[in-house]
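Architecture and fold: a report
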Number of protein chains: 2
Amino acid sequence: MAQFINKKEDTVIEAIDGTIRASGGALARLDGYPHIRVVVRNDWDKSKVALVSGGGSGHEPAHAGFVGEGMLTAAVCGDVFASPSVDAVLAGILAVTGPSGCLLIVKNYTGDRLNFGLAAERARAFGLKVNMVIVDDDIALPDLPQPRGVAGTLFVHKIAGAMAESGASLDDVTKAAERVIAGTKSIGMSLDTCTVPGSPKENRIATGMAELGLGIHGEAGVQQVEYVGAKQAMTAVTEKLLAVMENKPHVALLNNLGGASMLEMSILANELAQSPIAKNLKLIVGPAAMMTSLDMRGFSVSVYPLSAEDHALLSAPCEPSAWPKCHSVKAVTTIELPDGLTPIRPMASDDPEMRAFLTQCCQILIEEEGDLNALDAKSGDGDTGSTLAGAARALIAALDRLPLADHTQLYRAIGQELSQTMGGSSGVLLAIFFTAAGDAASSGLSMVGALKEGLNRMQQIGGAQLGDRTMVDALKPALDELETGIAGAAVAARKGADHTATIVQAKAGRAAYINAEQLQGHNDPGAEAVARLFEKLS
Amino acid sequence: MAQFINKKEDTVIEAIDGTIRASGGALARLDGYPHIRVVVRNDWDKSKVALVSGGGSGHEPAHAGFVGEGMLTAAVCGDVFASPSVDAVLAGILAVTGPSGCLLIVKNYTGDRLNFGLAAERARAFGLKVNMVIVDDDIALPDLPQPRGVAGTLFVHKIAGAMAESGASLDDVTKAAERVIAGTKSIGMSLDTCTVPGSPKENRIATGMAELGLGIHGEAGVQQVEYVGAKQAMTAVTEKLLAVMENKPHVALLNNLGGASMLEMSILANELAQSPIAKNLKLIVGPAAMMTSLDMRGFSVSVYPLSAEDHALLSAPCEPSAWPKCHSVKAVTTIELPDGLTPIRPMASDDPEMRAFLTQCCQILIEEEGDLNALDAKSGDGDTGSTLAGAARALIAALDRLPLADHTQLYRAIGQELSQTMGGSSGVLLAIFFTAAGDAASSGLSMVGALKEGLNRMQQIGGAQLGDRTMVDALKPALDELETGIAGAAVAARKGADHTATIVQAKAGRAAYINAEQLQGHNDPGAEAVARLFEKLS
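Overview of the structure.

So, how was this worked out
Residues numbered from 1 in each chain as written. Chains lettered and ligands numbered in written order. Predicted model: local features only at pLDDT ≥ 70, side-chain atom pairs only at ≥ 80, totals over all residues. Heavy atoms only, no water. Salt bridge = Lys/Arg side-chain N within 4 Å of Asp/Glu carboxyl O. Helix = DSSP H or I, 4+ residues; strand = E, 2+ residues; numbered from the N terminus. Buried < 20%, exposed > 50% of the residue type's maximum accessible area, 1.4 Å probe, protein only. Pairing = 2+ DSSP bridges. Axes fitted to C-alpha atoms, helices over the stretch in contact; angles between N-to-C directions. Contact = heavy atoms within 4.5 Å.

Some remarks on the pattern of salt bridges
A full pass over the atoms with the stated rule returns 62 salt bridges over all chains. When the shortest N-O distance is used, the salt bridge between R297 of chain B and D295 of chain A registers 3.1 Å. With R297 of chain B in the loop between strand 11 (281-288) and strand 12 (298-305) and D295 of chain A in the loop between strand 11 (281-288) and strand 12 (298-305), this pair bridges two chains. Here the two residues R297 of chain B and D295 of chain A agree in accessibility, since each one is buried. Across the pair R494 of chain B and E528 of chain B runs a salt bridge whose closest N-O atoms are separated by 2.9 Å. Of the two residues, R494 of chain B sits in helix 16 (residues 486-499) while E528 of chain B sits in helix 18 (residues 525-537), which places them 34 residues apart along the sequence.

So this is what it looks like as structure tokens:
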């Protein structure tokens, strides 16, 4: 699958430079490209304990994205999924370590252990105080003597980072990191493999299956399991965690391995909060992409027992925006629906003249059903007549419950009826027309003025202007003439409707998607309906 | 492709509940499931202007993820890629609107315009002040009269949100939103289509092609273009923007459409900062997934002219962590590499006794090359003998430049030589052994004590314990006996090496991956090398 990269060998340095350019000056890098790729805090004065992490690339935002006040001091970046060299790590250590010393936070992979380890030895030969901790939070294989380091590493970065920022000594920061490592457990699941830049994608996971207990380098999970859905996936993952968790409050980190959508991650968060470990989850970090495996459609959950001290350190402000804050896990608060969703139906009232007028309007539309459908069939799906006739029939049936004697309320009531009985965009648009007209009438506008205001609002919301080949082309001129009498309005409506036959570049409504040949010579059926209504009324 | 969802029809409500559960109590929802899906600020007192947005789901974190202090007051969520109902929007408006009124921020899609529009009319009938703005930032088709609303909507949310939070009036907030909408332009590109939950994926984009000018609902882009790489992709996108941008400072929002990896997004950020529009980019939001199209492997860039006032509003603190902060776009700051990467070579010195001893050690390892290779071939790749002999030959060749008379410096110098001449993990581990021993010797430990400390460090970093079937099984007992003389050390080393033949459950090193039958009865070649060295020396 194609990816947004350039030359494969430039992938890591370009990603680092992008991260630095978008950091607002918070980050810088050592001048050692292409072999030495070290991202450092640009505001670092070496007065506190330095935290250096890193490893292979492909885990973004880890690790460069977590460099900044309150988290890492430097990140040493290897090639995709490959450890950085001893020289690169040493350069990172030497660049940031002052009299307070330096803690190396290393994920448990042989290459990282050895290269960071030897770099630490070399740095010590310069008289620097350098400690090193090895994160091994993966519980995929419970009896493996060398568990991998995965997303739980973020707990170490954040807690040790907050301590170092507060001025703690190297020994205390190291002890805190060791405490976090001892308590952190992680496990992940994926529905697909990842795509290593420049390499073909391996299709290892069959449809209907998922891999459980995977690392962050595309290696196979320890088992393939049947995949049923998000709930079962989260249950499988959290049951593994439950087996090794103490019965006390924990923080959970919900990590996107890179390719799960935000929608999916939110669903997984919902499941996590109701999972077998839910009763001991007090705090959640994420869901967010923190320790990815390129574009892997998967997730991991890391848990760590939550003391008051660690709660404070996890919640302490920090600069890197890749750290997504942590929040208490809470039940869903629901708020009662507001009153007013079922509109108060105005008191029905009669007015024989209005009843006769509305009935006449409706009957005209019912009579024109066939003609308007036929016209619509020439440029659309042939249902304009039926849509209007159906609404007209429903309105006639509703006359007895309408406030016929209260014209202001009547507009709104008609709008309400139309929005319930008339489908499609036109139903909503006519509902807006009558509701807005009612609104205007209640502010004291004349009936015609109110209808004009309704049209304005309908145009504003629907987006149709005069000349766009819609019902507006007949309705607007008709309303503009209506104060002079219904006859003048009818003439104006007819002229407007006939003009639509010459408009072949429709700009709003469905006709915008129809080509010119199909439109030429045919009136717009909505405009034609308006014209016929006014003509027959006059 | 399988996704982390449960029942298709529960997708949106489960995602909303997950977002609320992970919000730490900042969010709540109206009690209107399944049809009314409205997320609201849980701390809202209606004293300020309310901002309501929403639309179809599938754009997460938009819109629920942007509800919170300083941004939206409520988000009304439709089904995936479908507008919410009029009732749902009305419920949202009624729930959050107080005397200061409410601004609806609506993306320019017919369904959203109509449903939000009619809901606004209904809310006004309750006497509420409701304004509505329509975001139409897409420039994919420059002459389209109804451009779509896409990721530029985030500028509106943030700027209007900061104004509302500061207590501005509805009119002023509306004017600000209209100003932002008038100035915002967006365009996107994708390498693949998105996967709508419950629907098969459409494979519309051929390998080697990309779609330029796409919406956020999986609809096809206005053109398919050849895809060459990240630079050309960003150039194509920014050239479209350049054609419609004024020559003044802008802010850019770099949006992940959902399926691009963090690595790719960083590379795209790097390209954006060097693109045809770079000279006018002062501020960047992202890269981050803000307005997604489910899992689409694509990105969009939105730009907006940057006044001092808008800069302040964009930078104002806000609660939603989905807003990724904005940062100045800066050139990459590079910091000079630290001194010390090329270690200062200690002054060479001679000591005939030490020269003879080291030469003897090296010659023993050279003599054993064949035997050790043969032993290694039984459980590995048969190169232990050659690896050690090669290092021994190189060390003999280096004798003239070693500080033979300064034993403390000598350990470190040997470590340095080994790290340069001996490949693989064993080279790094022995380098750590000698470097740490030198470190210990310089702190005043005896030579034997220093070697023991070197072993400790090597074990700590390499992870091998006694009994793990490595060279440690011979080296550790030998060093423990070394103070009693070389003969006792040789006996101990032999005993340890022979014991390794009974260890079939290797826990460290390469043998951990070999099955028991291949190990049974064969000494570990590293341990055997140590034993033979001590035996021949004694």
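Structure's up, so let's keep going.
As for the sheet that holds strand 7 (residues 185-190) of chain B
Residue and element names in this part refer to chain B. The seven strands lie next to each other as 9-8-7-12-10-11-13, forming an open sheet whose pairing is mixed. Edge positions in the sheet fall to strand 9 (223-226) and strand 13 (326-328), since each has one partner strand and no second. Averaged over all neighbouring strand pairs, the angle between strand axes comes to 25°, with direction disregarded. The sheet contact formed by strand 11 and strand 13 spans three bridges and is antiparallel. Within strand 13, the position partnered with I284 by the bridge is H327. Set on the sheet, helix 6 (residues 230-242) makes contact with strand 7, strand 8 (209-212), strand 9, strand 10 (250-256) and strand 12; between it and strand 7 the angle comes to about 155°. Sheet contacts for helix 7 (residues 262-272): strand 10, strand 11 and strand 12; angle to strand 10, the most-contacted strand, approximately 155°.

Notes on the environment of M296 of chain B
All names here are of chain B. Among the structural elements, M296 can be located in the loop between strand 11 and strand 12. For the pair formed by M296 and D31, sequence separation is 265 residues and the distance between their alpha carbons is 32 Å. When near neighbours in sequence (up to four residues on either side) are disregarded, M296 contacts S190, D192, T193, C194, L214, G218, N256, L257, G258, G259 and A260.

Let's talk about the sheet that holds strand 8 (residues 209-212) of chain A
Residues and elements named next belong to chain A. The strand order 9-8-7-12-10-11-13 describes an open sheet built from seven strands, whose pairing is mixed. Only two strands of the sheet have a single partner each, and these edge strands are strand 9 (223-226) and strand 13 (326-328). Strand-to-strand, the axes of this sheet are offset by a mean angle of 25°, without reference to chain direction.

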